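Report on the structure
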Amino acid sequence: QVQLVESGGGLVQPGGSLRLSCAASASITSINEMGWYRQAPGKQRELVATITGGGSTNYTDSVKGRFTISRDYAKNTAYLQMNSLKPEDTAVYYCHAHEAGLPALGINAMDYWGKGTLVTVSS
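Anyway, here's the lowdown on the structure attached to this text. (Residues numbered from 1 in each chain as written. Predicted model: local features only at pLDDT ≥ 70, side-chain atom pairs only at ≥ 80, totals over all residues. Heavy atoms only, no water.)

A word on the overall build of the protein. Check the secondary structure of the protein and you find zero helices and 11 strands. With the principal axes as the frame, the protein shows a C-alpha extent of 55 × 30 × 25 Å. Burial analysis of the protein (123 residues in total) assigns 39% to the buried set. Nonlocal contacts in the protein, meaning residues at least 24 apart in sequence, comprise 55% of its contacts between residues at least 6 apart. Here the protein has roughly 6,700 Å² of accessible surface; of this, 50% comes from carbon and sulfur atoms. One finds the centroid of the 10 positive side-chain charges in the protein at a distance of 5 Å from the centroid of its 9 negative side-chain charges. (Helix = DSSP H or I, 4+ residues; strand = E, 2+ residues; numbered from the N terminus. Buried < 20%, exposed > 50% of the residue type's maximum accessible area, 1.4 Å probe, protein only. Contact = heavy atoms within 4.5 Å. Areas by Shrake-Rupley, 256 points an atom, 1.4 Å probe, with all protein chains shown as cover. Lys, Arg positive; Asp, Glu negative; His and termini not counted. Charge placed at Lys NZ, Arg CZ, Asp CG, Glu CD.)

Next up, the structure:
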């Protein structure tokens, strides 16, 4: 069963824009933080951006001013707007969601990952 599904990747020219979407299953009801990670060829997976349940955002330095993470709570969906794309942004982008636990009820926190969407920035 797929619980996080990314979409919106593709081929774009340098300086162009893409918007990635991450749709979480409605069964995941207690997401308190979502984020985007990426893995370039031959590189480790790295954090790109996160957004908390309260709307606070954090970005890796290389994307500040170019990328914007947002969230639609009604749709249980996160987005990553990517502007001024550079060839070095080329990577598989993965969505992540952290679901809060409820210790009083014996419910543990959980982490969910999508299977990724490929972004290629090239002329």
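So, on to the nonpolar core. One finds M34, W36, V48, F67, L80, M82 and Y93 to be the most contacted residues of the largest nonpolar core, which totals 28 residues. Secondary structure elements with two or more residues in this core: β3 (18–24), β4 (31–39), β5 (46–52), β7 (67–72), β8 (77–82), β9 (91–99) and β11 (117–121). Excluding its chain neighbours within four sequence positions, the residues that come into contact with L80 are L18, R19, L20, W36, V48, A49, F67, T68, I69 and Y93. (Core = buried A, V, L, I, M, F, W, Y, C linked by side-chain atoms within 4.5 Å.)

What follows is about a nonpolar patch on the surface. Taken together, the side chains of L102, L105 and I107 define a hydrophobic patch exposed on the protein surface, amounting to about 290 Å² of accessible area. In this structure, L105 sits in the loop between β9 and β10 (110–113). (Patch = residues over 30% accessible without salt bridge, like charges linked within 9 Å, V, L, I, M, F, W, Y side chains within 5 Å. Salt bridge = Lys/Arg side-chain N within 4 Å of Asp/Glu carboxyl O.)

With that out of the way, let us pick up the pairing of β4. Direction of pairing for β4 relative to β9: antiparallel, over a ladder of eight bridges. Residue pairing for β9: I31 is matched across the bridge by E99. Sheet analysis places β4 next to β5, joined by six bridges and oriented antiparallel. Each bridged residue has a counterpart across the sheet, and for E33 the counterpart in β5 is T52. The turn linking β4 back onto β5 is made up of six residues, and G42 within it adopts a positive phi angle of 75°. (Pairing = 2+ DSSP bridges.)

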